[in-house]
Amino acid sequence: MCGIVGYTGTNQASPFLLKGLQTLEYRGYDSAGLEVLSPDGALHGVKYAGRVSALVERCKVANPVGTSGIAHTRWATHGAPNDKNAHPHRDCSERIAVTHNGIIENFRELKAQLMAAGHEFTSETDTEVIAHLVEDAWKGPRKGDLVAALRNACSRLKGSWAIACICADAPGQIAVARNGSPLVVASTADGAYAASDVMPLASITSHVIQLANSQFALLESNGTITVYDETGDMVRDPSTIDIDWDASAATLGGHADFMEKEIAEQPEAIERLLQGRLGEDGIRLDELRLARDELASIDRVFLIACGTSSHVCQIARTMIESWAKVPATWAYASEFNYEPEVLVTPNTLCVIVTQSGETADTLAAARRMKALGCHVFAVTNVLGSTAAREADGVLYVQAGPEVCVASTKAYTAQLVACALLALVLARANGTMDQNGVARHYHDLSLLPDAIREVFRRSWQDKQASALFRRSSSSLYLGRGVNATTALEGALKIKEISYLHAEGYPAGEMKHGPIALIEQGFPVVAIVPADRWHDKTVSNIQECIARGAHVIAVATDGDEGVASQVEHVLWIPPLPDELLVPVVAIVHLQILARFVALARGRDVDKPRNLAKSVTVE
Ligand code: F6R
């Protein structure tokens with residue numbers, strides 16, 4: 001949530017800052033702004049409510065000139081998304097500016113103290129207190145030391161932050177701080193850079209420094225970067241990461257939008273993930289960092305995540321129990337963190353699933369499980385993310401940068417990653433022999449082509465999307481693992497089309513949601529050829545009897561279902577019913593996109609959302 005970039009060097013700052021903000025816009029797009037240090041020694045700020053594209057247009061007129069600057073794209077937490085609350089924020093002297101990602105929990109108290117001391121505030125944000133605290137510290141005994149001033153300011157903050165700070169009296173310098181919200185810095189012959197994640201830097205360098213919590217850094221225009229800890233001591237070996245994907249991975253590459261592109265990338269993402277995983281004795285998953293006997297002794301698996309990733313956990317739970325016969329449970333991280341009691345055994349494995357690796361609730365849950373003595377395994381997509389760094393083991397799903405706010409390719413890749421984990425556990429504890437593992441691996445390897453087949457049938461989704469034209473609500477139904485597909489399908493359509501959709505286990509429908517159904521009401525039923533098929537068909541009939549228009553996701557050849565419903569989204573047959581969600585959801589992603597586009601929505605940047613939810 002919120003994206004930060006900074007640059008100081010020999011080039012003009014604005015081009016990198018604006019391009020960087022465009023790359024980070026998935027983190028929030030309520031407002032955007034920049035501050036550049038002009039050659040005349042004053043700060044030149046441009047900031048507005050609205051998208052980065054609007055800021056780009058304004059900058060063409062305002063023309064901020066200067067070789068040092070900071071910039072921000074905002075997802076509003078404190079204060080409405082308007083011009084005055086847009087970052088960066090200045091101090092009273094207008095010589096200091098800051099951008100911030102996170103939440104300052106004690107800002108009210110600090111603001112009251114600062115106002116009592118004569119500071120004047122111009123925004124309703126929590127961030128502005130930082131600018132005024134730096135102002136006070138800058139006047140203090142270590143005047144001239146920007147990073148010391150920022151350190152002093154941060155010592156009074158409670159909450160989470162990634163901060164970039166510029167001062168007109170410290171030309172060629174940017175001070176940055178990190179505590180809880182991500183921040184990376186990098187140096188080239190052209191200067192020094194800061195960003196919320198590696199994406200804006202991927203076209204500039206392949207090597208970045210990842211600041212740890214409580215670290216600070218001073219960026220200088222000659223490219224020098226000095227990292228400090230919270231006591232002000234220099235950190236000689238800060239953590240670094242190599243960026244192993246090229247910047248074009250985060251461009252549209254001829255697609256109409258990132259959602260279309262990322263849906264299309266699913267088969268290759270799964271192929272990459274599966275490649276070379278089948279070993280002579282089970283699945284190769286060294287990333288778990290557990291020895292065979294430790295794996296064999298795991299007696300409970302706790303899966304934790306938020307949103308779409310929590311749907312991965314729900315299906316993974318079934319895979320783990322079915323294949324490895326290990327009791328598994330899942331929880332929403334936001335709920336889990338406030339559970340009064342968490343019952344773990346000494347051999348409980350905690351699995352966190354998080355595309356971004358930065359979801360605040362998921363990270364807090366992982367820390368809680370670690371404190372309880374659990375081995376924490378992260379399934380994530382983002383290289384060097386906080387989840388990856390803090391977990392005991394990490395499996396990168398390698399789906400490539402996911403830019404569209406609605407998760408698609410990370411979802412299916414995470415499902416496959418969890419299937420691999422289930423097979424590892426099954427082989428280690430002896431509930432599956434090598435032949436069984438090889439058979440399941442083969443079943444997994446069929447998924448990419450099955451998804452490609454769905455792509456060839458996307459005309460079915462387009463036709464079915466017409467059913468949503470006159471409706472403001474819909475019901476998504478499924479059973480077993482596809483009850484979760486129903487939840488995920490409903491979430492996709494809600495978030496990008498703003499149509500209400502209720503995802504529900506089909507058998508539970510008659511205990512309440514059936515009351516929603518009236519003439520022409522759209523119902524999407526996931527009814528593949530599996531053990532739950534006939535029961536779900538009965539539920540479809542109950543819906544039709546009440547006037548519903550049903551779209552069924554069904555397996556090729558199921559004429560029985562086809563004869564009853566308005567539209568069928570056909571999926572090819574798969575040998576393992578637990579893998580159907582990986583293919584069925586692709587139809588529902590495409591369907592949601594068509595519905596949203598017909599309503600004129602921006603499918604990549606739905607309102608009120610941000611891709612990386614770094615606040616609780
Ligand atoms: C929905 C979506 C979100 C995320 C959730 C968790 O399409 O993307 O529900 O799944 O915010 O994010 P991660 O997986 O990054 O922890």
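Values in this document were obtained by computation on a predicted structure and should not be read as measured data.

**Brief notes about the side chain of Ser31**
Tracing the backbone through its elements, the reader meets Ser31 in strand 2 (residues 31–37). We classify Ser31 as buried; its relative accessible area is 1%. Ser31 has contacts with Tyr48, Ala49, Gly50, His72, Thr73, Arg74 and Ala86, leaving out every residue within four places of it along the chain.

**Let's talk about the pattern of salt bridges**
With the rule as written, the count across this model stands at 29 salt bridges. Of the charged contacts in the structure, one is a salt bridge between Arg90 and Glu35, with a shortest N-O distance of 2.7 Å. Of this pair, Arg90 sits in strand 5 (residues 89–90) while Glu35 sits in strand 2, and the two are 55 residues apart along the sequence. A relative accessible area of 21% places Arg90 in the partly exposed class. For Arg51, the salt bridge is made with Asp602, and the minimal N-O distance between the two is 2.7 Å. Of this pair, Arg51 sits in the loop between strand 3 (43–49) and helix 2 (52–62) while Asp602 sits in the segment after helix 20 (580–598), placing them 551 residues apart in sequence.

**Concerning the sheet that holds strand 11 (residues 207–210)**
Spatially, 3-2-4-1-10-9-11-14 is the arrangement adopted by the 8 strands of the open sheet, whose pairing is antiparallel. With partners counted over all chains shown, the strands left at the sheet margins are strand 3 and strand 14 (240–242), one partner each. Sheet twist, expressed as the mean angle between neighbouring strand axes with direction ignored, is 15°. Here strand 11 runs beside strand 14; their pairing, made up of 3 bridges, is antiparallel. When the bridges of strand 14 are listed, Val208 appears paired with Ile241. The strands touched by helix 1 (residues 13–24) within the sheet are strand 1 (3–9), strand 2, strand 4 (68–74) and strand 10 (191–195), with strand 1 carrying the most contacts at an inclination of about 160°.

**Focus: the sheet that holds strand 26 (residues 567–571)**
Read across the open sheet, the 5 strands follow the order 23-22-24-25-26; overall the sheet is parallel. Two strands bound the open sheet, and with one partner strand each, they are strand 23 (500–505) and strand 26. Here the average twist between neighbouring strands, direction ignored, is 15°. Alignment of strand 22 (residues 473–478) against strand 24 (residues 522–527), held across 4 bridges, turns out to be parallel.

**Some thoughts on the state of the cysteines**
Taken as a whole and judged by the stated rule, the model has 0 disulfides. Free of any disulfide, Cys165 has its nearest cysteine sulfur in Cys167, 6.8 Å distant. Using a relative accessible area of 0% as the deciding quantity, one classes Cys165 as buried. Among the cysteines around Cys350, which has no disulfide bond, Cys374 carries the closest sulfur, lying 6.2 Å off. Overall, the relative accessible area of 0% leaves Cys350 in the buried class.

**A look at the site of the ligand**
The local shell around the ligand holds 14 residues, among which Ser309, Thr354, Ser356, Thr359 and Glu495 are the closest. Expressed as a share of its isolated accessible area of 410 Å², the protein-covered part of the ligand is 89%. At the level of elements, helix 9 (307–324) and helix 17 (481–497) are the ones that each hand at least two residues to the shell around the ligand. Top contributing element to the shell around the ligand by residue count: helix 9, with 3 residues.

**What to know about the domain arrangement of the protein chain**
When cut into domains, the protein chain gives domain 1 (2–249), domain 2 (258–445) and domain 3 (458–598). A C-alpha centroid distance of 34 Å is found between domain 1 and domain 2. Contact with domain 1, which involves 17 residues of that partner, is made by 11 residues of domain 2. A buried area of about 1100 Å², summed over both sides, lies between domain 1 and domain 2, and 56% of it is on carbon and sulfur atoms. The three residues of domain 1 that bury the most area against domain 2 are Tyr26, Gln210 and Ala249, which together make up 34% of that side's buried surface. Along the contact surface separating domain 1 from domain 2 lie 0 salt bridges. Our enumeration of links across domain 1 and domain 2 arrives at 3 residue pairs in polar contact (both at pLDDT 80 or more). Classifying every residue of the side of domain 1 that touches domain 2 gives 10 nonpolar, 4 polar and 3 charged.

**Overview of helix 7 (residues 266–274)**
For helix 7, the complete set of buried residues consists of Gln266, Pro267, Ala269, Ile270, Leu273 and Leu274. Within helix 7, the buried residues cover an arc of 165° as seen down the axis, which keeps them to one side. Where helix 7 is buried, its residues contact helix 6 (258–264), strand 21 (393–396), helix 13 (409–428), helix 14 (434–445), helix 15 (447–456) and helix 20. Where helix 7 terminates, the next one or two residues include Gly276, which has phi positive at roughly 70°.

**Thoughts on empty space enclosed by the protein**
Inspection of the entire model under this criterion finds 1 cavity of 30 Å³ or more. By volume, the largest cavity is sized at about 70 Å³. Considering the residues around the largest cavity, the lining is formed by 13 residues, among which Cys2, Thr77, His87, Gly102 and Asp126 are closest to the centre. If you tally residues by element for the lining of the largest cavity, the top one is strand 6 (residues 96–104), at 3 residues. Classifying every residue of the lining of the largest cavity gives 3 nonpolar, 8 polar and 2 charged.

**Some thoughts on the packing of helix 3 (residues 107–116) against helix 4 (residues 128–138)**
Packing of helix 3 against helix 4 brings their axes to within 10 Å, and their N-to-C directions diverge by 45°. With respect to their mutual orientation, helix 3 and helix 4 come out oblique. Seen along the crossing, helix 3 lies across helix 4 with a hand that is left-handed. Residue-level contacts link Phe107, Leu110, Lys111 and Leu114 of helix 3 to Val129, His132, Leu133 and Asp136 of helix 4.

Calculation rules
- Residues numbered from 1 in each chain as written.
- Predicted model: local features only at pLDDT ≥ 70, side-chain atom pairs only at ≥ 80, totals over all residues.
- Heavy atoms only, no water.
- Helix = DSSP H or I, 4+ residues; strand = E, 2+ residues; numbered from the N terminus.
- Buried < 20%, exposed > 50% of the residue type's maximum accessible area, 1.4 Å probe, protein only.
- Contact = heavy atoms within 4.5 Å.
- Salt bridge = Lys/Arg side-chain N within 4 Å of Asp/Glu carboxyl O.
- Pairing = 2+ DSSP bridges.
- Axes fitted to C-alpha atoms, helices over the stretch in contact; angles between N-to-C directions.
- Disulfide = S-S within 2.5 Å.
- Near = heavy atom within 4 Å.
- Areas by Shrake-Rupley, 256 points an atom, 1.4 Å probe, with all protein chains shown as cover.
- Domains from an automatic or database assignment.
- Buried area = accessible area lost by both parts, 1.4 Å probe.
- Polar contact = N/O pair within 3.5 Å; in protein donor to acceptor, adjacent residues only side chain to side chain.
- Nonpolar A, V, L, I, M, F, W, Y, C, P; charged D, E, K, R; others polar.
- Arc of directions from axis to C-beta.
- 1 Å grid on protein atoms, 1.4 Å probe; cavity = no way out; pocket = protein on both sides within 12 Å on 5 of 7 lines; lining within 4 Å.
- Points joined across faces, edges and corners; volume = space filled by probe spheres on them.
- Parallel < 35°, antiparallel > 145°, perpendicular 65-115°, else oblique.
- Left-handed = near helix turned anticlockwise from the far one by under 90°.

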